[in-house]
Amino acid sequence: MADLSSFPITKRWPASNSDIIQLYSLPTPNGVKVSIALEELGLPYEPHLVSFGTNDQKSPEFVSLNPNGRIPAIIDPNGPDGKPIGLFESGAILVYLAEKTGKLMPKDAAGRYEVLQWVFFQMAGVGPMFGQFGHFFKFAADKVANNPYPVERYRDEAKRLLGILEERLTGRQWIMGDEYTIADITTFPWVRGVDVFYGGREVLEFDKFPAVMAWLERAVARPASQRGLNVPKRD
């Protein structure tokens, strides 16, 4: 069994099998990116629930792995040179897993960078802007009841980003065409989440983005997505 004792997080979330990837997460749009990728890749892993209800993500043990106090994070006991490695930030983890396995990423350099630009597009745009929209639309609606500016600002930006995706996906099965990649995995949980979690489908006028909606349906229907969307299981 691999020795993971140098990672303090394993004191709070002990590994049942320290020879496989340890996933510390919650089934949020960011969290499920990694569980879906692990399912797609067929990599054995052990999920650990990091509960926001008890602020687990702010605990000293979790922060020892991710100083930013955000899920997801992983420990791979079989990292580079066969040594354990801990990683945080969903985009970085997806790139790592793709490069570790040689899957979900084009083999040629140009294709690789094309995927990476769409991963960063999600990380810098779709995730933060959809999240801000959802916050003001659903969770802070009472605080901005007399000031429509926050909701309108992030609504309009979310729709602009959906428009970019619509243009990219028109005539394509996946973001990269026929090849399903981490660009799809990092993006579709947020498009799904702004609907099922934040209830923003009508406000964001999803019906105006038919290519995005068809792509989302294809992505969600994948068996690995169906499994990964519910990992780790909530208490």
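Refer to the structure printed above.
First things first, this report covers the structure right here in the doc. (Residues numbered from 1 in each chain as written. Predicted model: local features only at pLDDT ≥ 70, side-chain atom pairs only at ≥ 80, totals over all residues. Heavy atoms only, no water.)

Take the overall build of the protein next. Helix and strand counts for the protein stand at nine helices and four strands. Secondary structure of the protein in N-to-C order comes out as α-β-α-β-α-β-β-α-α-α-α-α-α. The globule rule puts the C-alpha radius of gyration for 235 residues at 18 Å, and the 18 Å found for the protein is close to it. If one aligns the C-alpha atoms of the protein with their principal axes, the spans along those axes are about 55 × 45 × 25 Å. Sequence separation of 24 or more characterises 67% of the internal contacts of the protein that already satisfy a separation of 6 or more. Counting only carbon and sulfur atoms, one obtains 52% of the accessible surface of the protein, whose full area is about 11,100 Å². Between the centroid of the 26 positive side chains of the protein and the centroid of its 28 negative side chains there is a distance of 2 Å. (Helix = DSSP H or I, 4+ residues; strand = E, 2+ residues; numbered from the N terminus. Rg over C-alpha atoms; globule rule 2.2 N^0.38 Å. Contact = heavy atoms within 4.5 Å. Areas by Shrake-Rupley, 256 points an atom, 1.4 Å probe, with all protein chains shown as cover. Lys, Arg positive; Asp, Glu negative; His and termini not counted. Charge placed at Lys NZ, Arg CZ, Asp CG, Glu CD.)

Buried residues dominate helix α2 (residues 31–41), accounting for 10 of its 11 residues. By the burial criterion, the buried members of α2 are G31, V32, K33, V34, S35, I36, A37, L38, E39 and L41. G42, located one to two residues past α2, shows a positive phi value of around 70°. (Buried < 20%, exposed > 50% of the residue type's maximum accessible area, 1.4 Å probe, protein only.)

Its place among the elements puts I85 in strand β4 (residues 85–88). Residues I85 and I21 lie 64 residues apart in sequence; the distance between their C-alpha atoms is 9.8 Å.

Turning next to helix α5 (residues 109–139). Along its 31 residues, α5 runs 42 Å from first to last C-alpha, staying within 8% of the 45 Å computed at 1.5 Å per residue. The largest bend in α5 amounts to roughly 40° and is located at Q122. (Expected span 1.5 Å × (residues − 1). Bend = angle between axes of the 7 residues up to and from the residue.)

So, about the packing of aromatic side chains. The tally for this structure, following the rule as stated, stands at nine aromatic pairs. Considering the side-chain rings of W13 and Y24, the 6.2 Å spacing of their centres and the 65° angle between planes classify their relative orientation as edge-to-face. Taken together, the positions of W13 in the loop between α1 (9–12) and β1 (21–25) and Y24 in strand β1 put the pair 11 residues apart, joining distant regions of the chain. Across the pair, exposure class does not vary: W13 and Y24 are buried alike. Between F139 and F197, the aromatic rings sit 5.9 Å apart at their centres with planes inclined by 50°, giving tilted as the arrangement. Of this pair, F139 sits in helix α5 while F197 sits in the loop between α7 (182–196) and α8 (210–221), and the two are 58 residues apart along the sequence. For F139, a relative accessible area of 44% corresponds to the partly exposed category. For F197, a relative accessible area of 38% translates into the label partly exposed. Its guanidinium or amino end placed over the ring of Y180, R222 lies 3.7 Å from that ring's centre, counting from NZ or CZ. (Phe/Tyr/Trp six-rings, centres within 6.5 Å; stacked < 30°, edge-to-face > 60°. Lys NZ or Arg CZ within 6 Å of the ring centre and 35° of its normal.)

Next up on the list: the side chain of S35. Relative to the helices and strands, S35 resides in helix α2. Looking at S35, the relative accessible area reads 0%, which means it is buried. Contacts of S35, omitting those with residues within four sequence positions, involve L23, Y45, G228 and V231.

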